[in-house]
Amino acid sequence: MAKRSSLFIRIVEGKNLPAKDITGSSDPYCIVKVDHEPIIRTATVWKTLCPFWGEEYQVHLLPTFHSVAFYVMDEDALSRDDVIGKVCLTRDTLATHPKGFSGWAHLTEVDPDEEVQGEIHLRLEVVLGTRACRLRCSVLEARDLAPKDRNGASDPFVRVRYNGRTQETSIVKKSRYPRWNETFEFELEEGAAEALCVEAWDWDLVSRNDFLGKVVFNVQRLRAAQQEEGWFRLQPDQSKSRREEGNLGSLQLEVRLRDEMVLPSGCYQPLVQLLCHEVKLGTQSPGQLILLIEETTSTECRQDVATTLLKLFLGQGLAKDFLDLLFQLELGRTSEANTLFRSNSLASKSMESFLKVAGMRYLHGVLGPIIDRVFEEKKYVELDPSKVEVKDVGCSGLHRPQTEAEVLEQSAQTLRAHLGALLSSLSRSVRACPAVVRATFRQLFRRVRERFPSAQDENVPFIAVTSFLCLRFISPAIMAPKLFHLRERHADARTSRTLLLLAKAVQNVGNMDTPASRAKEAWMEPLQPTVRQGVAQLKDFITKLVDIQEKEELDLQRALSLQAPLLKEGPLFIHRTKGKGPLMSSSFKKLHFSLTTEALSFAKTPSSKKSTLIKLAHIRAAEKVEEKSFGSSHVMQVIYTDDVGRSQTAYLQCKCVNELNQWLSALRKVSINNTGLLGSYHPGVFRGDKWSCCHQRDKTDLGCDKTRSRVTLQEWNDPLDHDLEAQLIYRHLLGVEATLREKHRQLSADPEADPVLTGPGGGRCFPPEPPFGDGGWGLPPRGPPAFQTGATLPALPSSYICLQPPRTQWPSCSRYCRTSGKPIGPAQLAPHPWSPAASWSCRHEAAPHKALSPARCWETPAHSQLFTSVPLAGVHGLGLSWAE
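Residues numbered from 1 in each chain as written. Predicted model: local features only at pLDDT ≥ 70, side-chain atom pairs only at ≥ 80, totals over all residues. Heavy atoms only, no water.

*Asks:* Sorry, what's going on with the overall build of the protein here?
*Replies:* Counting secondary structure elements, the protein contains 19 helices and 33 strands. Out of the 884 residues in the protein, the part that is buried amounts to 51%. Counting only contacts in the protein whose residues sit at least 6 apart along the sequence, the fraction spanning at least 24 positions is 68%. Carbon and sulfur atoms provide 51% of the accessible area of the protein, an area that totals close to 41100 Å². (Helix = DSSP H or I, 4+ residues; strand = E, 2+ residues; numbered from the N terminus. Buried < 20%, exposed > 50% of the residue type's maximum accessible area, 1.4 Å probe, protein only. Contact = heavy atoms within 4.5 Å. Areas by Shrake-Rupley, 256 points an atom, 1.4 Å probe, with all protein chains shown as cover.)

So this is what it looks like as structure tokens:
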């Protein structure tokens, strides 16, 4: 059982920001810090006081995090970036918003005395004496203090104050991880109410000392406890008055905290098996649980539910079957071909997620070069005559302004070139498309053709494929390349317009150049010859794309399974040490690195032969390196063991904070289950004869800071977490339990409907009765009785039902009546007077049916099937009320 915490973050926009440049504008961007650790940097929006970002992130965190802060910065090319203001949300604040914090927040001034971080290790004792008691305070060490000096470090010392007396430790130069091991004593006066204050400061020679944080202790509580030792989080000095809020502008945010208690895998097996069985049966399933999930899912959470279900079925190898079931459900309720897959249904959202999870690398290969060309050319492109601005074009080679007609013709030529290059790239990419994506499109194409077989609907199967491939995958990536990791920065206004017009052209091709799409924007007419040619190319491409046989699909998947999948790649700088002794120097060499599920490798160029640097099974930690070690805040270290078991460290430099955190996330995810992961590490380097971080001289000394192996950024190519996905589905179903029960009652009242859910082996599942209310539908119980711990559901005749009242016990073997699905301890109810033989009757007989309500009577396949025992584990055991 493990607690998982994650933050969904959407940075929307800012407004009314102050001007930081002499031009009367600013170049704002956001830095997101969790407990003062930078994890995200948005793109810079140039020359504006009302920037729009629209960037989304999901961060997995330790459950013990305290706050998330959003710093709005102004980028400067020649000097240090200016701080405009910040918004800080504590964990407690987020916990009071179950649906997340959403709205505008005023930026506040960044006060240096409030920018504190880190912890201090103290031991406090009350020493009893003959005449008076003494308070002994031992200042041992500190970690992760705020860097207050330009070299990325601090010169910390500690000041201890009590009852008018002040004592100070020595100063530790250039360290954020100081060790003092100094002890101070104070006389304790009887009944004194003054608190003990321990303050950390950064010493400065010429300016005033910088505040690093403080901890305050209640002396009366210490006197009662006699002794207290531990790591204490440093707190800011909040005695100063704040600058008035609102004069620094505002930031629109969406932040949602999600805490999940993830249970062992076995606890989720009944639920996972139930869902998988539903998908395998398809539309023949009498329970139609997938349909019920769709009907009970609100619009605001449908994307999350779709993504979670998709990942769950990907892990079970049933993604194609799951999507095929959704296609059939959607087609079953669609009467008009022109409305097919146009709504934000569960099928549409699931297919969107599927393409991002399974096809993102394919998208980069097809679209990446075209997007790069658009960004590099930076041409002015406009087809709408009402929006043409000749002054934005500049002068031609004849030194005269271009006319509107020339601008329109040049723009059309540029767009035709980009569109033609994209369609050609797409046409050549059939073999590059993942086999599972091709097979899924094959199923979609076949289902739509079966549903709309007439000649007038011959284009409908093609439009169904393009509605996902073009309209929901390629076009959004063209319009927002940064959100699809195609570019590191947002496009400027000129490039954004080019991308928008290109996306419109792709949509027209995807719509098969229908009259309706042409009528919307008549000024797109200059592109029609290319669009018509593109329609023919696209239809030919789709025909080849869906022409994949099951044997070819299996062969491609088998060949792919033999290769270690590529998780991340890109250029990094690896640290090299030159020379020995006091004259040694450091340098970084640029290499191309590749991360797979087996190893971290490098090569001189992307096409060069790769050499293994680190085997993933040998990784013990992947962490950041403090800025002062190499003069950069974008260096990470990978701690690993070599082939003979010796500890080694590789230092790799990234170009920005986002790239640093992406590499750290990827390395942490693939090594999270390694044995021997470190709990602490040194954020500095061992240079000369000591660690640069804590100044310890033993190279094998335990680390001075905690590792952060659970802090990761969520990506589309993340390894699947089967237990987490199952827990998220369970939580969703629990949230709509009342609606599910109402649906069940409606089905039960319909004599034509089969109200139960089919489970593994052809059995039926029905919601148990109150008073315990254990979720039913294969869900964990809500607050099950303690006697369920470790219990198992017994093997029972498949087609027999118990005639005893609910929650009564079999006297002969202590089995419980399965009608209610809950075991009852011997001390709770007296043994029932009936004999076991009289307590059971075959479901196929007529007589027992009269004694039971109709909702309890269902036929099952055969008398010989037995129920498989399922453990009820602990507080959240998953016990299904199966009647097989």
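On we go from here.
*Asks:* So what exactly am I meant to see when it comes to helix α8 (residues 404-427) here?
*Replies:* Residues spaced three or four apart along an α-helix point in a common direction, a consequence of the helix completing one turn every 3.6 residues. The end-to-end C-alpha separation of α8 is 34 Å, in line with the 34 Å expected for 24 residues at 1.5 Å each. Within the sequence span of α8, burial applies to Val407, Leu408, Ser411, Ala412, Thr414, Leu415, His418, Leu419, Leu422, Leu423, Ser425 and Leu426. Packing partners of the buried residues in α8 comprise α7 (346-377), α10 (460-479), α11 (493-510) and α13 (528-545). (Expected span 1.5 Å × (residues − 1).)

*Asks:* Please explain the packing of helix α6 (residues 319-332) against α7 as it appears in this structure.
*Replies:* Packed helices, taken two at a time, are described by the angle between their axes plus the distance between the axes. At a minimum axis separation of 9 Å, α6 and α7 run at an interaxial angle of 150°. Taken together, α6 and α7 sit at an angle that is classed as roughly antiparallel. Seen from above, α6 lies across α7 with left-handed handedness. Taken together, the residues of α7 that come into contact with α6 (itself represented by Phe322, Leu323, Leu326, Phe327 and Glu330) are Leu346, Ala347, Ser350, Met351 and Phe354. Broken down by class, the residue content of the contact of α6 with α7 amounts to 8 nonpolar, 1 polar and 1 charged. (Axes fitted to C-alpha atoms, helices over the stretch in contact; angles between N-to-C directions. Parallel < 35°, antiparallel > 145°, perpendicular 65-115°, else oblique. Left-handed = near helix turned anticlockwise from the far one by under 90°. Nonpolar A, V, L, I, M, F, W, Y, C, P; charged D, E, K, R; others polar.)

*Asks:* When you look at the sheet that holds strand β8 (residues 119-127) in this model, what are you seeing that I'm missing?
*Replies:* Strand pairs in the sheet, formed through backbone hydrogen bonds, run parallel or antiparallel to each other. If you walk across this open sheet you meet the 4 strands as β12-β9-β8-β15, and the pairing is antiparallel. Looking at the sheet topology across the chains shown, the edges are occupied by β12 (179-188) and β15 (227-233). Averaged over neighbouring strand pairs, the angle between their axes works out to 20° when direction is ignored. In this sheet, β12 lies alongside strand β9 (residues 133-143) in antiparallel orientation, the contact comprising 8 bridges. Note on β12: the bridge partner recorded for Arg136 is Glu185. (Pairing = 2+ DSSP bridges.)

*Asks:* Is there a simple way to think about the nonpolar core in this case?
*Replies:* The nonpolar side chains of soluble globular proteins are, as a tendency, buried together. Membership of the largest hydrophobic core comes to 102 residues, with the highest contact counts inside it found for Ile290, Phe313, Phe441 and Ile478. It is α7 that provides the largest number of residues to this core, a total of 14 residues. The contact partners of Phe313, leaving out residues within four places of it in the chain, are Leu275, Cys276, Val279, Ile290, Leu318, Ala319 and Phe322. Ranked by size, the runner-up nonpolar core spans 32 residues in total, among them Cys30, Val59, Val72 and Phe101. (Core = buried A, V, L, I, M, F, W, Y, C linked by side-chain atoms within 4.5 Å.)

*Asks:* Looking at this model, I keep getting lost on the sheet that holds strand β6 (residues 82-90). Mind explaining?
*Replies:* A sheet is described by the order of its strands in space; here 4 strands give the open sequence β3-β2-β5-β6, paired in antiparallel fashion. What marks the edges here is a single partner per strand, and that holds for β3 (37-41) and β6. For this sheet the average axis-to-axis angle between neighbouring strands, irrespective of direction, equals 25°. With 8 bridges connecting them, strand β5 (residues 67-74) and β6 associate as antiparallel partners. The partner of Met73 across the bridge, within β6, is Val83.

*Asks:* Teacher, can you tell me more about the pattern of salt bridges here?
*Replies:* A pair can form between side chains of opposite charge whenever their charged atoms are brought close. Summed over the entire model, instances satisfying the criterion amount to 42 salt bridges. The partner of Glu75 in a salt bridge is Arg41, and the shortest N-O contact between them spans 3.0 Å. Of this pair, Glu75 sits in the loop between β5 and β6 while Arg41 sits in strand β3; the two residues are 34 residues apart in sequence, bridging distant segments of the chain. Arg41 matches Glu75 in its accessibility class, with the two residues each being buried. (Salt bridge = Lys/Arg side-chain N within 4 Å of Asp/Glu carboxyl O.)

*Asks:* Please explain the pairing of strand β19 (residues 599-603) as it appears in this structure.
*Replies:* Two faces, one strand: in a regular strand the side chains alternate between the faces of the sheet. The element β19 is extensively covered by neighbouring structure, given that 4 of its 5 residues are classed as buried. The pairing of β19 with strand β20 (residues 611-615) spans 4 bridges and is antiparallel. Directly across from Phe602, in β20, lies its bridge partner Ser611.

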